[in-house]
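Observations on chain architecture
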Amino acid sequence: MKIINLFDTSPSPASGGGRTRQALLSLLCLLHLTFAAGQTTWMGMTFTVGSTPVSINSLGRLMAPGNSASHQLKLVQASDGEDVPGSVVNLSMAGGTVGSFQYASLPRTVTLHPNTTYYLVSSETQGGDSWYGATTSVSTTEVAACNGGVFWDGGGWTVHGGYNNMFVPVSFTYGPRDPDNVTDTSNGLDFAYYEFNTLYNLGDHWWQYLPELSTLSPLRTGTKSNFEISGNSRPDNFIFRFTGYIDVPATGTYTFYTFADDACDLYIGGALVVFNKSVREESGKIDLKAGKHAISVVFTELRSDQILHHVRYEGPGVVKQNIPAGQLHRGGTVSADPAPVAAVPAELMQPAPIPASGGFSGFYQLTAKHSGKVVDVANESTANGARAFQWVNNGGHNQHWSLLDAGDGYYRIVARHSGKSLSVSNSIGETQQSDYTGADTQKWLIEPAGDGFYKLTNKGTGRVLDVAGISQADGARILQWTYNGGDHQKWRLEQVSSGARAAADKMDPAASDPQILMFPNPATDKVQINYNAGAAGKGKVTVSDAASQQGLTRTYSLQPGSNVLNLDVSSLKTGIYFLHFAADGKEVTRKLVVAK
C-alpha cells in the first residue's frame, strides 16, 4: 500500500514557506469511472474547510504510471457551482515521479471560507492518462474534511462515494495568505455610512433580514483614524463599513476579535474571519504573511446602544490589543491584482440551530434540578388555561412533553395528554397549557445551563422557566422569571420511551439500532445523551473526527430504563465529529457538531 501526502504544506518554489501539517492518503486499488472514449470531464473531490479560513497556494494531481499529459485543475464553489476566482491552473504531468503529486502554483493565494464546501477537480479524458477511482481512502487533518469524490456529468456536479473517498486523486498545498501588493498608503481607514428600513420583532436571528450592502448606496463616505463610529444621522438602523489595510509584522497565525452592540463582522482580503451577530466578543483565526492585508469591518446598529466596543488582534510578537492606528492604512497604489477570495456562501451566514431541527423525537419529562420533580398539568386537565405545577414523577401523560420546532431556534413544549402548548399566561408570569396560536409566549429557547441541565427561555418575555419560591413541594407553581442561575431554573430533559417502542425492544433487543438523543447539537462544552437501556450493562461512547481520528472515548454504567449520560466535549475544537454509541449489543453513529 503506497502512502502519499494529501493537503501537503511543503513549500513549492513559488509559494513561499509553509507549515508542516500533513495528512495521509492510502491508495487501495486502480478503478476507472466509465465514460465515453475520448470524452473529457472534471473529477476530483468535494471537501469542507475546517473552522479556520485556508489559503491555497497550489493545486496538485497524483502521478499515475504512464502519465504524460497536461491537465487543468480548479476549485469550485459547491454552493453555486461557480469557479473560485483565481483558482484555475494548468499542470503538466510529464517528468513526474509515479506515486507522487505534481503541483502547479496559483498566481496568488486563494482564501477559502471556514465551514464551507468546495470541489477540487482535474480535467480527465477517457483513454488518456490513468487516474484512480473513488475507492481511494483518505484521512485528513482539521484543515479540511474530504466528503467524497465528485465529477461533472455534463449537466451538473455529482458526488460519488462517501467520506474520505475521491477520484484521481487531487490535492492542494496551503499556507499563510499573501500580502496585498499595495504601496504609497497613508494612515487611517476609509468608511461608508448606510441606513436601512426599520426592523421590528424579528427574533434572535434579526440579522438574516438585513439588506445586502451591495443593494444600498452610502449616504456618506470619508476617512477615520480607527474603527470608530460617530456622525450617524439616526439612533438606530444604520451601518458603518470600514475598509483599508492592516500591516502585520511577522508571518504566522493571527486571531482577530470584535465586540459590539449590535453586530460587527471582520474580513481579511474578503474572507470572513469573525462572524459576530451577538453582543459579546467573538473571534476567528487566519494565517498571514508579513505585510499589508486588506481588512474590512462591518458594524451594524439595530436598536438601543450604539457601541463598537473594540476590534482587537494578537499574533506572533503581538499581545492581544486594540489594533493600533499606526497599523491601519488606506488608499495607495495596487501594483498587482489582490489575492482572490471565494464568495461568501449564503449558508455560511445562517446560524446553526441548537439543536438541529428534528433533533427531538418522542416525549420528555422536564425535571427541576433543585427538587427532582417534574412539570405537571394540574389534575390531568385537557382544558385551555390549566396551570402547570411541579409534582413528583408518577409517569402520567400530563407530565410528558413533546418538543416541536417552532422556527428560529425556538420550540413548542406540548403536553402529551392534551396536545396543548406550554404558555406564559398572565402579568405575574404563571404558565399554563393552551391551544397553539404561534404567539411568542408559546415559544421556548433551550440552552445549556451546565451539568446536563438546561434553561428554557420564553421568546415573548425573555424570562426563564422557574419554580416559584424555590419550593420543593408538590403543587408549587411553574412561573417564568428573570434568570439568576438558580437550580430551580435549571431543567433536565429526560426522554420517555413509548409503549410500542419498549414492547418492540423487549421482543427483539437487537431488532434496531439504539435510539439515543443528543442535546445540544451543535455543542460547546457538554453533550447530554439520553438512552433507554434494555438491561443493566455498559455503554461506550467514541467521538472521532472526519479523518476517523478518535477524540474521546468514555464508558458508562447503564441501568435498565432511562439513562442520562453527560459527555464533556470541551477539549474538542470547533468542527464536525461522529459520535459512536454502543450498548445492549447494538451500535449507532450520529453526527455531532462542536461550535465554540
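Please read these numbers as outputs of a predicted model, since none were measured by experiment.

Focus on the sheet that holds strand β25 (residues 318-322)
Read from one edge to the other, the open sheet built from four strands follows the order β22-β19-β24-β25, with strand pairing classed as antiparallel. On the outer flanks of this sheet lie β22 (282-288) and β25, each paired with one strand and no other. Recorded for the sheet is a direction-independent mean angle of 15 degrees between the axes of neighbouring strands. As paired elements, strand β19 (residues 252-261) and β22 share seven bridges and run antiparallel to each other.

A word on the pairing of strand β18 (residues 238-248)
Of all 11 residues that make up β18, eight are buried, and the element is covered over most of its length. Bridge count between strand β16 (residues 189-195) and β18: six bridges; the pairing is antiparallel. If you follow alanine 192 over to β18, its bridge partner there is arginine 241. With two bridges connecting them, β18 and strand β26 (residues 328-330) associate as antiparallel partners. Bridge pairing in β26 links tyrosine 245 to histidine 329.

What about the side chain of threonine 111?
Mapped onto the elements of the fold, threonine 111 is located in strand β7 (residues 101-112). Polar side-chain contacts of threonine 111 include one of 3.1 Å to the side chain of serine 55.

Examining the environment of leucine 517
Tracing the backbone shows leucine 517 in strand β40 (residues 516-519). For the pair leucine 517 and valine 564, spaced 47 residues apart in sequence, the C-alpha separation works out to 9.6 Å.

Some points on the packing of aromatic side chains
Applying the stated criterion across every chain, the model contains 17 aromatic pairs. Arranged with centres 6.0 Å apart and planes meeting at 80 degrees, the rings of phenylalanine 151 and phenylalanine 167 form a pair that is edge-to-face. One end of the pair, phenylalanine 151, is in strand β10 (residues 144-152); the other, phenylalanine 167, is in strand β12 (residues 165-168), with 16 residues separating them in the sequence. This pair shows no difference in class: phenylalanine 151 is buried, exactly as phenylalanine 167 is. Ring geometry for tyrosine 193 versus phenylalanine 240: centroids 5.1 Å apart, planes at 50 degrees, classification tilted. On the criterion of sequence distance, the pair formed by tyrosine 193 in strand β16 and phenylalanine 240 in strand β18 is long-range, its members being 47 residues apart. Neither residue differs from the other here; tyrosine 193 and phenylalanine 240 are each classed as buried. Taken together, the ring pairs connect Phe191, Tyr193, Phe227, Phe238, Phe240, Phe242 and Phe299 into an aromatic cluster. The ring of tyrosine 257 carries the charged tip of lysine 320 above its face, separated from the ring centre by 4.0 Å.

Re the environment of glutamate 281
Of note, glutamate 281 is situated in the loop between β21 (271-274) and β22. In this structure the side chain of glutamate 281 is engaged in a polar contact, spanning 2.8 Å, whose partner is the side chain of histidine 310. Within polar-contact distance, the side chain of glutamate 281 engages the side chain of lysine 320 at 3.0 Å.

Quick word on the nonpolar core
Counting 31 residues, the largest nonpolar core has Phe47, Ile56, Leu59, Leu112 and Phe172 as its most contacted members. Within the second largest apolar cluster, 29 residues are counted, among which are Ile229, Phe242, Val248 and Ile268.

Some words on the pattern of salt bridges
Applying the stated criterion to the full structure yields 16 salt bridges. Its salt-bridge partner being lysine 289, residue aspartate 178 comes within 3.0 Å of it at the nearest N-O pair. With aspartate 178 in the loop between β13 (170-175) and β14 (182-183) and lysine 289 in the loop between β22 and β23 (291-301), this pair connects stretches of sequence that are 111 residues apart. You'll find aspartate 178 and lysine 289 in the same group, each marked buried. Residues arginine 477 and glutamate 430 are paired through a salt bridge, measuring 3.1 Å at the closest nitrogen-oxygen approach. Of this pair, arginine 477 sits in the loop between β37 (464-467) and β38 (478-481) while glutamate 430 sits in the loop between β33 (421-424) and β34 (431-434); the two residues are 47 residues apart in sequence, bridging distant segments of the chain.

Reading the values: the criteria
Residues numbered from 1 in each chain as written. Predicted model: local features only at pLDDT ≥ 70, side-chain atom pairs only at ≥ 80, totals over all residues. Heavy atoms only, no water. Pairing = 2+ DSSP bridges. Helix = DSSP H or I, 4+ residues; strand = E, 2+ residues; numbered from the N terminus. Axes fitted to C-alpha atoms, helices over the stretch in contact; angles between N-to-C directions. Buried < 20%, exposed > 50% of the residue type's maximum accessible area, 1.4 Å probe, protein only. Polar contact = N/O pair within 3.5 Å; in protein donor to acceptor, adjacent residues only side chain to side chain. Phe/Tyr/Trp six-rings, centres within 6.5 Å; stacked < 30°, edge-to-face > 60°. Lys NZ or Arg CZ within 6 Å of the ring centre and 35° of its normal. Core = buried A, V, L, I, M, F, W, Y, C linked by side-chain atoms within 4.5 Å. Salt bridge = Lys/Arg side-chain N within 4 Å of Asp/Glu carboxyl O.

All quantities given are derived from atomic positions and should not be read as evidence of function.
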